[in-house]
Amino acid sequence: MQLFSVLENLSTMKIITGILDLLIVWYVIYLLINAIKGTKAIQLLKGIFFILIGRTLSHQLDLTTTTKLFDMVMEWGFLAIIVIFQPELRRALEQLGRGSLFKRNASNLKVNQAKLTDAMVKSVQYMAKRRIGALIVFEKETGLQDYIETGIPINADISSELLINIFIPNTPLHDGAMIVQGDKISVAASYLPLSDSAKIQKSLGTRHRAAVGISEVSDAFTVVVSEETGDISVTYNGRLRKDVSLEVFEALLTEHWFNTSVAKKGVEE
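Parameters and conventions
Residues numbered from 1 in each chain as written. Predicted model: local features only at pLDDT ≥ 70, side-chain atom pairs only at ≥ 80, totals over all residues. Heavy atoms only, no water. Helix = DSSP H or I, 4+ residues; strand = E, 2+ residues; numbered from the N terminus. Buried < 20%, exposed > 50% of the residue type's maximum accessible area, 1.4 Å probe, protein only. Contact = heavy atoms within 4.5 Å. Core = buried A, V, L, I, M, F, W, Y, C linked by side-chain atoms within 4.5 Å. Salt bridge = Lys/Arg side-chain N within 4 Å of Asp/Glu carboxyl O. Pairing = 2+ DSSP bridges. Axes fitted to C-alpha atoms, helices over the stretch in contact; angles between N-to-C directions.

## As for the side chain of Ser190
Point 1. Examined against the element boundaries, Ser190 turns out to sit in strand β4 (residues 184–190).
Point 2. Given the relative accessible area of 2%, Ser190 is considered buried.
Point 3. Contact partners of Ser190, with chain neighbours within four places excluded, come to Tyr147, Ile148, Thr150, Gly151, Gly176, Ala177 and Ile179.

Given below as structure tokens:
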């Protein structure tokens with residue numbers, strides 16, 4: 001009877017430790033996802049997920065060569081993950097040390113679509129008329145954290161006065177890109193990747209190449225005001241649309257900004 005009681009206690013302990021072990025693993029995975037959320041690494045994580053699915057399917061269908069190919073990829077995948085995710089892993093450890101990894105962002109965004117659109121259109125119109133060069137990136141599904149970290153933090157509400165003031169020539173924040181997250185100006189003076197596309201006219205400058213570059217590596221929507229001509233251009237999905245009217249810009253802004261990036265953050269109008 002005593003032996004039965006001991007075995008029963010051991011069984012109960014195994015169940016408790018098993019559940020605890022599972023909860024710890026899931027929590028670690030949750031923290032890792034939070035650490036890489038908002039970066040390009042989340043897209044690579046999706047790629048790894050599809051590789052695992054491919055490996056399982058090829059094994060089930062008895063595709064020998066394909067299975068061996070997936071096995072080779074997975075065998076060297078651990079080292080590749082360390083190299084590819086090195087910036088994100090470093091950031092996660094830094095956040096863990098500061099304790100910020102455990103904080104949750106419970107901000108509840110409430111914006112007025114007409115007011116924000118009007119501020120953006122008004123500022124672009126002002127800068128276009130006076131040929132003030134500007135480069136504004138609107139984050140959508142793909143996180144831009146890697147590029148946000150290269151800029152100067154602003155974290156301010158959007159207003160036409162602030163937008164115009166940031167891009168006034170010969171000011172510290174004039175050069176580089178402004179990145180908008182949801183209904184906030186996140187940073188200014190950020191560095192973006194330049195496109196090597198031969199389709200871009202040589203007459204176009206660095207701002208246009210940067211705008212195309214960010215659209216090639218993310219789904220961001222970007223507006224460019226030319227310093228030379230005052231023309232308004234937009235980029236999205238690797239595509240450059242030059243010399244768009246204010247009406248077209250406003251329509252594209254609503255489509256790409258409010259229907260995706262702002263709505264994604266749970267905006268209540």
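## Side note on the nonpolar core
Point 1. Counting 31 residues, the largest nonpolar core has Met120, Ile136, Phe138, Ile158 and Phe249 as the members making the most contacts within it.
Point 2. Of all the secondary structure elements, the ones that give two or more residues to this core are α6 (113–129), β1 (134–138), α8 (160–166), β3 (177–181), β4, β5 (221–225), β6 (232–236) and α10 (246–264).
Point 3. Per-element tally for this core: the top contributor is α6, with seven residues.
Point 4. Apart from residues lying up to four places away in sequence, Phe249 is in contact with Met120, Val121, Val124, Phe221, Val223, Val234 and Val244.
Point 5. Judged by nonpolar contacts, the second largest core, of 14 residues, contains Leu144, Ala177, Ile179 and Val187.

## Examining the pattern of salt bridges
Point 1. Counted by the stated rule, this structure contains two salt bridges.
Point 2. Of the charged contacts, one joins Asp157 and Lys184 as a salt bridge, the two residues approaching to 2.4 Å between their closest N and O atoms. Placement of Asp157 in strand β2 (residues 152–157) and of Lys184 in strand β4 is noted, with a sequence separation of 27 residues between them.
Point 3. A salt bridge links Glu227 to Arg207, with the nearest nitrogen and oxygen atoms 3.9 Å apart. One end of the pair, Glu227, is in the loop between β5 and β6; the other, Arg207, is in helix α9 (residues 206–217), and 20 residues separate them in sequence.
Point 4. Residue classification places Glu227 among the partly exposed residues on the basis of a relative accessible area of 36%.

## Here we look at the sheet that holds β1
Point 1. Across the sheet, seven strands lie side by side as β2-β4-β3-β1-β5-β6-β7; this open sheet has mixed pairing. Strands at the two margins of the open sheet, each flanked by one partner only, are β2 and β7 (239–241). Between one strand axis and the next, the sheet turns through 20 degrees on average, direction left out of account.
Point 2. Relative to β3, β1 runs parallel, the two being bridged by three bridges. Residue pairing across strands places Val137 opposite Ile179, the latter belonging to β3.

## With respect to the pairing of β5
Point 1. Where burial is concerned, most of β5 is hidden: five out of the five residues are buried.
Point 2. On β5, burial covers both faces: Phe221, Val223 and Val225 on one face and Thr222 and Val224 on the other are all buried.
Point 3. Of the strand pairs in this sheet, β1 and β5 are connected by five bridges, and their pairing is antiparallel. The partner of Ala134 across the bridge, within β5, is Val225.
Point 4. Turn length for the β5-β6 hairpin, with the two strands adjacent in sequence and antiparallel, is six residues, and the turn residue Gly230 shows positive phi of about 80 degrees.

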